Amino acid sequence: SFPFTIKSQWPPFVFIRPDPAAGQIGMTQAEVLGSSGAWTGFRIRAYDHSRVRPNGSYFVAGFGAEILSDYGMRLKDGERKILFDTGTPTAVLANYTSSGTYSGQGTTPQGQSIAYFTAPFVMSNKEYILINTLSMPVIRPLQQQSDLQMIWDYPNNRMIAAVVYISGYNTNSLGISTMTAKLVV
């Protein structure tokens, strides 16, 4: 659960920082819980049982300011709508990569085709990664929907994107950027 309800019309951005692990941390199917005007939390599923279970910290950034503290600075427009509040968590986008290189393919235990894309990835100790992209299916040519999983490989300083897709289609580009942000309070 979020520490407060996010009142924006659109789902907020959720940024996570997985704790470093000796193995690969796999995550998939992120979901922001709630509805327009009342976003209350998120959940994310583990990629599979052979990966390290995800643990770590997170922050959430909605669209627009909300009054969350009893003191601080607030800016309002002419109609007294809050534009800025120092108590509202703010995300400053810090880095992104869209340089995933195709690194192979295989088959899932369920018999589905899977393609892997790898990119160098090192987060500073104050960066968090945006996980909203894990909630969206990847649309490939021919309107084939593919599921996206992300695997953090801390020991090798890389990110692996695994795309489960319809058998027979040769996937050779990912087309999704990975973004990090820093929390500003």
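Please refer to the structure higher up on the page.
This text gives an overview of the structure that appears in the document.

## Overview of the overall build of the chain
Counting its secondary structure elements, the chain contains 0 helices and 14 strands. When the elements of the chain are put in sequence order from the N terminus, they spell out β-β-β-β-β-β-β-β-β-β-β-β-β-β. Across the 185 residues of the chain, 38% fall into the buried class. When contacts within the chain are restricted to residue pairs at least 6 apart in sequence, those whose partners lie at least 24 apart make up 65%. Of the roughly 10,600 Å² that the chain leaves accessible, carbon and sulfur atoms contribute 52%.

## Focus on the packing of aromatic side chains
Each aromatic ring pair is characterised by the separation of its centres together with the angle its planes make. Across all of its chains, the model carries 7 aromatic pairs by this definition. With a centroid separation of 5.0 Å and an interplanar angle of 65 degrees, the aromatic rings of F42 and Y58 are classed as edge-to-face. Of this pair, F42 sits in strand β3 (residues 38–46) while Y58 sits in strand β4 (residues 56–61); the two residues are 16 residues apart in sequence, bridging distant segments of the chain. Put simply, the rings of F13, F15, F59 and Y128 touch in pairs and so form one group of aromatic residues.

## Some remarks on the side chain of S69
Along the chain, S69 falls in the loop between β4 and β5 (74–76). With a relative accessible area of 18%, S69 lands in the buried category. At 2.8 Å, the side chain of S69 forms a polar contact with the backbone oxygen of Y71. Those residues in contact with S69 that sit more than four places away from it in its chain are R74, D85 and G87.

## Points about the sheet that holds β4
Taken together, the 5 strands give an open sheet; going across it, the order is β4-β1-β10-β14-β7, and neighbouring strands pair in antiparallel fashion. On the outer flanks of this sheet lie β4 and β7 (90–97), each paired with one strand and no other. Across the sheet, the mean angle from the axis of one strand to that of its neighbour is 35 degrees, orientation sign disregarded. Examined bridge by bridge, strand β1 (residues 13–18) and strand β10 (residues 127–130) share 2 bridges and lie antiparallel to one another. Counted as the bridge partner of I16 is I129 from β10.

## Details of the nonpolar core
Ranked by internal contacts, the top residues of the largest apolar core, which has 25 residues, are I16, I129, I131 and W152. Elements supplying a minimum of two residues to this core: β1, β2 (24–35), β3, β9 (113–120), β12 (144–153) and β13 (158–165). With 4 residues, the single largest contributor to this core is β13. The residues contacting W152, other than those within four sequence positions of it, are I16, P18, G23, Q24, I25, M27, F121, I129, R158 and M159.

## A short note on the environment of I129
You can see I129 is positioned in strand β10. Residue classification places I129 among the buried positions, given a relative accessible area of 2%. Distance from I129 to F59, taken between C-alpha atoms, is 9.9 Å for residues 70 residues apart in sequence. Those residues in contact with I129 that lie beyond four places of it in its chain are V14, F15, I16, F121, M123, W152, M159, T178, M179 and T180.

What counts as what
- Residues numbered from 1 in each chain as written.
- Predicted model: local features only at pLDDT ≥ 70, side-chain atom pairs only at ≥ 80, totals over all residues.
- Heavy atoms only, no water.
- Helix = DSSP H or I, 4+ residues; strand = E, 2+ residues; numbered from the N terminus.
- Buried < 20%, exposed > 50% of the residue type's maximum accessible area, 1.4 Å probe, protein only.
- Contact = heavy atoms within 4.5 Å.
- Areas by Shrake-Rupley, 256 points an atom, 1.4 Å probe, with all protein chains shown as cover.
- Phe/Tyr/Trp six-rings, centres within 6.5 Å; stacked < 30°, edge-to-face > 60°.
- Polar contact = N/O pair within 3.5 Å; in protein donor to acceptor, adjacent residues only side chain to side chain.
- Pairing = 2+ DSSP bridges.
- Axes fitted to C-alpha atoms, helices over the stretch in contact; angles between N-to-C directions.
- Core = buried A, V, L, I, M, F, W, Y, C linked by side-chain atoms within 4.5 Å.

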